[in-house]
Protein chains: 2
Amino acid sequence: MKDTVNIGLIGFGTIGSGVVETFNMNTPLIEDKVGKKVKLKRIVDLDVTTDRGVEVDPEALSTDVNDIFNDPEIDIVIELMGGYQPALKFILQALENGKHVVTANKALLAKHWEEVISTAKKNNVRVCFEASVGGGIPLLQPLNEGLASNNIESVYGIINGTANYILTKMTEEGREFGDVLKEAQEKGYAEADPTFDIEGHDTAQKLIILTILGFGVYVKQERFHVEGITRVTPDDIAFARDEMGCCIKLLAISKLVDGELEVRVHPTLVPEEHLLSSVNGVFNGAYLIGDVVGPVMMYGQGAGMMPTASAVVGDCIDIIQNMTKPVAYGPKNTRVQSVKEMSDVETKYYIRLTTEDKAGVLHEIAGIFRDYDISLESVNQKPTTNKGEVQIFIVTHTALERNMTTAAEKISQLKFVESEPMFIRLL
Amino acid sequence: MKDTVNIGLIGFGTIGSGVVETFNMNTPLIEDKVGKKVKLKRIVDLDVTTDRGVEVDPEALSTDVNDIFNDPEIDIVIELMGGYQPALKFILQALENGKHVVTANKALLAKHWEEVISTAKKNNVRVCFEASVGGGIPLLQPLNEGLASNNIESVYGIINGTANYILTKMTEEGREFGDVLKEAQEKGYAEADPTFDIEGHDTAQKLIILTILGFGVYVKQERFHVEGITRVTPDDIAFARDEMGCCIKLLAISKLVDGELEVRVHPTLVPEEHLLSSVNGVFNGAYLIGDVVGPVMMYGQGAGMMPTASAVVGDCIDIIQNMTKPVAYGPKNTRVQSVKEMSDVETKYYIRLTTEDKAGVLHEIAGIFRDYDISLESVNQKPTTNKGEVQIFIVTHTALERNMTTAAEKISQLKFVESEPMFIRLL
């Protein structure tokens, strides 16, 4: 094999700058590990004049991506431009040209998984994407390699730092969602348009990747339930803590139950004694259960310039050390017989209702739950700050999602119910 | 490469039975992953007649270890007999015969590291030992591979399940060490002779391995401070919780400070908001800080038949997929200039003293701290159940270990001090 490995980087934004900085910091360490010279030979971006705050060889900069594709000396292409196009075109081109690819682009992988992987296989090169889920946390390699002797039974992930930061702040300070979101935006923890993070789409894309590696099946986002955190209130958080000993987390869940795979993203009540409840702020955590190892959790910074760069460069090192390793992602013969419809999921629920404070209200609501075979574990009624109005907090025993959604709809149609019932599933 | 990989197992005890069971459960999954047939061809133990509770091919059983060494079809040898000899002889023999080795034997690796690794290098085969630290937790591979772009700055590990179980029970139930130890022994969480676990020796051996992988230096156990948990009392735990917001954990610490490496094992006060404080019971956790990724934690079951087997079989899979991978453990050019003497360590301390309840006591004690340049952050005096006796709880600012040990010795010589002062370092 050659004495020098050359790397081309497409995308000189925040993460790209982190990658350059990581090579600036630790190239001697990296070269020692792999026993070769490693060179970031080419950095391509439409804008190569803005100062990124990192030292860079001016000769490496280019605005023409063909300077990477057509350079036979470049072995590895790092794609960090994000988005679907032209990122997909560039990744496929790199693979077709026999170059290994490292990417952090979860949106692209979640959508174009089959095309990307089949192109890599065809050209006998590798695609590595540790940074795409959980940022700097070593998560995909352990799932795919260290735990390779296990059938994975379930995956629970807190894998969006923005949503977790907002829920943590709401919990610690008793503040409203909108208020905390605004602060998060000011501090740079949330985007100007935060939809993607707070509505669970980012979490869903990452869950698609985790589900492939854990269970060997590719489930498109349209196939599963994705629900964000915008309707969670301080009252929900306070009730969960004080009455149930739980906190509320946006969880990505993939779990195999009798051959059926549940895939879902939604706010979830997590008992305080569960380790996931201690994953706070912008941190991420993934809790996996294997049939041999039992529960395992990995924790760390799920986003940001340097943590993400750590995983990107780690993937480069992995490729250099295993250039000839066969392409394998997840178990080949999955035990998944089918993907469960959300309406068939069974879980416990917490429900919050706002109603008029008058006789017969609870009777009617309880009647609806009875009609839909939903058995109640506890019912709490509390006054609100509005006179003549109460909040009712209900915790159910295990019930069927289909029944729960219908019951909630029926309840929301009652004339004394003042807002759509909020329901949150339990872990 | 061959179509079938044959494995020989030495040691058919608890973990060995777990390995057999893992292959019984998941051989189809494993063969799918590696694209070859995988066969546990030979199982050697002095006792091959006892029923281990797992299904086993009688033809595989043998009492003669040469049935493994002399079988040219066997590619991988798993050593699970434990202890130093004949385990070392067997491992070296396997390596000399060109076989890869998987072992969970931390005691052996911690003591004979250089001989084992140099023999593997000489014979161009691999030694894998994921199970030796943190049982089933993917820990060593992430440290060595996934985080390979990082200089590791510090490693903090809760890596002994017995000690952690005892401290957790003492914390949750306010019980005495000896009482909880007895219960742990009855439940099988502690050995009949628990010295090795409760005095920190097992933790120290694992820390030696973590230190090699994290920092590239092999520090013998005689070189560093190892202190167990036998002197921790319910009073220490209660004070830590109520007055300091901390819990007490037996920590393995390896951290680089200005080129000097601190390596130490001792009970440590861990703030409740630190994720390590949530690692409870028999679970293990390792909290690493890299210069690129920041903090990362891995968590799971650090011992037991199946979790440990998960890591052992995971190592076999890793070897099969990377038979030709060069042998590399930890950074080659370490940044460690020297290993710090324990007496040069600087940290904050918690101190508990029992003294007579009389005038002038605190004055004399405070004078000793002043003489040794130890500045006090807080002093609390509380009555004990014995009349005429008080406990004094002191928290210091950062002080030098050398000064602290001398001050503690001077204090223990005061005639009104009734027991040797207990001091616990802060994280």
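All of these numbers come straight from a predicted model, not from anything done at the bench. (Residues numbered from 1 in each chain as written. Chains lettered and ligands numbered in written order. Predicted model: local features only at pLDDT ≥ 70, side-chain atom pairs only at ≥ 80, totals over all residues. Heavy atoms only, no water.)

A separate point is the overall build of chain A. A count of helices and strands for chain A gives 13 helices and 19 strands. A compact globule built from 427 residues would reach a C-alpha radius of gyration of about 22 Å, and chain A, at 24 Å, matches this within 12%. Along the three orthogonal principal directions, the C-alpha set of chain A runs to about 80 × 45 × 35 Å. Within chain A, the fraction of its 427 residues that count as buried is 61%. Put simply, of all contacts in chain A between residues at least 6 apart along the chain, 73% involve residues at least 24 apart. (Helix = DSSP H or I, 4+ residues; strand = E, 2+ residues; numbered from the N terminus. Rg over C-alpha atoms; globule rule 2.2 N^0.38 Å. Buried < 20%, exposed > 50% of the residue type's maximum accessible area, 1.4 Å probe, protein only. Contact = heavy atoms within 4.5 Å.)

Moving on: the sheet that holds strand E4 (residues 74-79) of chain A. Residues and elements named next belong to chain A. A sheet is described by the order of its strands in space; here 6 strands give the open sequence E3-E2-E1-E4-E5-E6, paired in parallel fashion. Every other strand in the sheet has two partners, leaving strand E3 (61-62) and strand E6 (127-128) as the edge strands with one partner each. Inspection of the sheet shows E4 paired to strand E5 (residues 100-103) by 4 bridges, in the parallel sense. Paired with Glu79 across the two strands is Thr103, which belongs to E5. The sheet strands contacting helix H11 (residues 305-321) are strand E1 (4-10), strand E2 (37-44), E4, E5 and E6, and the helix crosses E5 at an angle near 160°. (Pairing = 2+ DSSP bridges. Axes fitted to C-alpha atoms, helices over the stretch in contact; angles between N-to-C directions.)

On to unusual backbone geometry, then. Omega for the peptide link from Gln85(A) to Pro86(A) comes to 5°, which places this bond in the cis form. Here Pro86(A) is to be found in the loop between E4 and helix H3 (87-96). Although it is not a glycine, Asn124(A) adopts a positive phi angle of roughly 55°. Along the chain, Asn124(A) falls in the loop between helix H4 (106-122) and E6. Assessed through its relative accessible area of 58%, Asn124(A) is described here as exposed. Positioned with a positive phi, Asp373(B) is a non-glycine residue whose angle comes to about 65°. Mapped onto the fold, Asp373(B) is located in the loop between helix H12 (361-371) and strand E16 (376-383).

A word on the sheet that holds strand E4 (residues 74-79) of chain B. All names here are of chain B. Pairing in this open sheet of 6 strands is parallel, and the strands run E3-E2-E1-E4-E5-E6 from one edge to the other. If you trace the sheet from one side to the other, it starts and ends with strand E3 (61-62) and strand E6 (127-128), each paired once. Each of strand E1 (4-10), strand E2 (37-44) and E4 is contacted by helix H1 (residues 14-34), which is oriented at about 165° to E2, the strand it contacts most. Sheet strands in contact with helix H11 (residues 305-321) are E1, E2, E4, strand E5 (100-103) and E6, and its direction is about 160° off that of E5.

Attention shifts here to the UniProt feature "domain: ACT" (unreviewed entry) in chain A. Within this structure's numbering, the places UniProt gives as "domain: ACT" (unreviewed entry) are residues 350-427 of chain A. End C-alpha atoms of residues 350-427 of chain A are separated by 11 Å, and the span's content is 31% helix alongside 38% strand. (UniProt positions renumbered as here; feature names shortened; annotations may be inferred.)

Overlaying chain B on chain A yields an RMSD of 0.0 Å, the required transformation being a rotation through 180° with an accompanying axial translation of 0.0 Å. In short, the pair behaves as if placed about a two-fold rotation axis. For chain B, the residue whose C-alpha comes nearest the rotation axis is Met298(B), separated from it by 2.3 Å. (Least-squares fit on C-alpha atoms with pLDDT ≥ 70 in both.)

Applying the stated rule across the entire model yields 52 salt bridges over all chains. Residue Lys206(B) pairs with Asp202(B) through a salt bridge whose shortest N-O separation is 2.7 Å. Here Lys206(B) and its partner Asp202(B) are both found in helix H9 (residues 201-215), 4 residues apart, which amounts to about one turn of the helix. Across the pair, exposure class does not vary: Lys206(B) and Asp202(B) are buried alike. Residues participating in the shared-partner salt-bridge network are Lys169(A), Glu173(A), Arg175(A), Asp179(A), Glu183(A) and Lys187(A). (Salt bridge = Lys/Arg side-chain N within 4 Å of Asp/Glu carboxyl O.)

Attention shifts here to H11(A). Counted at 1.5 Å a residue, the expected span for H11(A) with its 17 residues is 24 Å, and the 24 Å between its end C-alpha atoms agrees. Of all 17 residues making up H11(A), 16 are buried, and the element is well covered by its neighbours. (Expected span 1.5 Å × (residues − 1).)

Under the counting rule described, the total for this entry stands at 16 aromatic pairs over all chains. Considering the side-chain rings of Tyr349(B) and Phe423(B), the 5.7 Å spacing of their centres and the 75° angle between planes classify their relative orientation as edge-to-face. Of this pair, Tyr349(B) sits in strand E15 (residues 349-356) while Phe423(B) sits in strand E19 (residues 422-426), and the two are 74 residues apart along the sequence. Just as Tyr349(B) is buried, Phe423(B) falls in that class too. Here a set of aromatic residues connected by ring pairs shows up, and it is made of Phe239(A), Tyr350(A) and Phe393(A). Here the basic side chain of Lys382(A) rests over the ring of Phe393(A), its NZ or CZ set 5.8 Å away from the ring centre. Above the face of the Tyr84(B) ring, Lys111(B) is positioned so that its terminal group lies 4.7 Å from the ring centre. (Phe/Tyr/Trp six-rings, centres within 6.5 Å; stacked < 30°, edge-to-face > 60°. Lys NZ or Arg CZ within 6 Å of the ring centre and 35° of its normal.)

A few words now on the state of the cysteines. All names here are of chain A. One pass over the structure, following the stated rule, counts 0 disulfides over all chains. For Cys128, which is in no disulfide, the shortest distance to another cysteine sulfur is to Cys316 and amounts to 8.4 Å. The buried category is assigned to Cys128, whose relative accessible area is 6%. (Disulfide = S-S within 2.5 Å.)

The next point concerns the interface of chain B and chain A. Reports often express the size of an interface as the amount of accessible area lost when the parts come together. Taken residue by residue, the interface counts 48 residues in chain B and 48 residues in chain A. With both sides pooled, the region where chain B packs onto chain A buries about 4300 Å², and carbon together with sulfur makes up 55% of that total. Summed over the shared surface of chain B and chain A, the number is 0 salt bridges. Remark: the boundary between chain B and chain A carries 17 residue pairs in polar contact (both at pLDDT 80 or more). Breaking the side of chain B that touches chain A down by element, the ones donating at least two residues are H1, helix H5 (140-146), strand E11 (283-290), strand E12 (294-301) and H11 of chain B. The leading source of residues in the side of chain B that touches chain A is E12(B), at 8 residues. (Buried area = accessible area lost by both parts, 1.4 Å probe. Polar contact = N/O pair within 3.5 Å; in protein donor to acceptor, adjacent residues only side chain to side chain.)

A word on helix H10 (residues 234-244) of chain A. When we look at burial in H10(A), the residues that qualify are Pro234(A), Asp236(A), Ile237(A), Phe239(A) and Ala240(A). Looking one or two residues past H10(A), Gly245(A) carries a phi angle of roughly 65°, positive in sign.

Next up on the list: the domain arrangement of chain A. All names here are of chain A. Looking at chain A, the domain boundaries give domain 1 (4-136 + 308-321), domain 2 (140-301) and domain 3 (343-426). Centre-to-centre separation of domain 2 and domain 3, based on C-alpha positions: 25 Å. Every contact between the two is made by 17 residues of domain 2 and, on the other side, 15 residues of domain 3. When domain 2 packs against domain 3, close to 1500 Å² is buried across both sides, 58% of that on carbon and sulfur atoms. Of all residues in domain 2, Arg231, Phe239 and Leu269 bury the most surface against domain 3, accounting for 38% of the area lost on that side. With its nearest N and O atoms 3.5 Å apart, the salt bridge here joins Lys382 to Glu243. Between domain 2 and domain 3 we count 10 residue pairs in polar contact (both at pLDDT 80 or more) in total. (Domains from an automatic or database assignment.)

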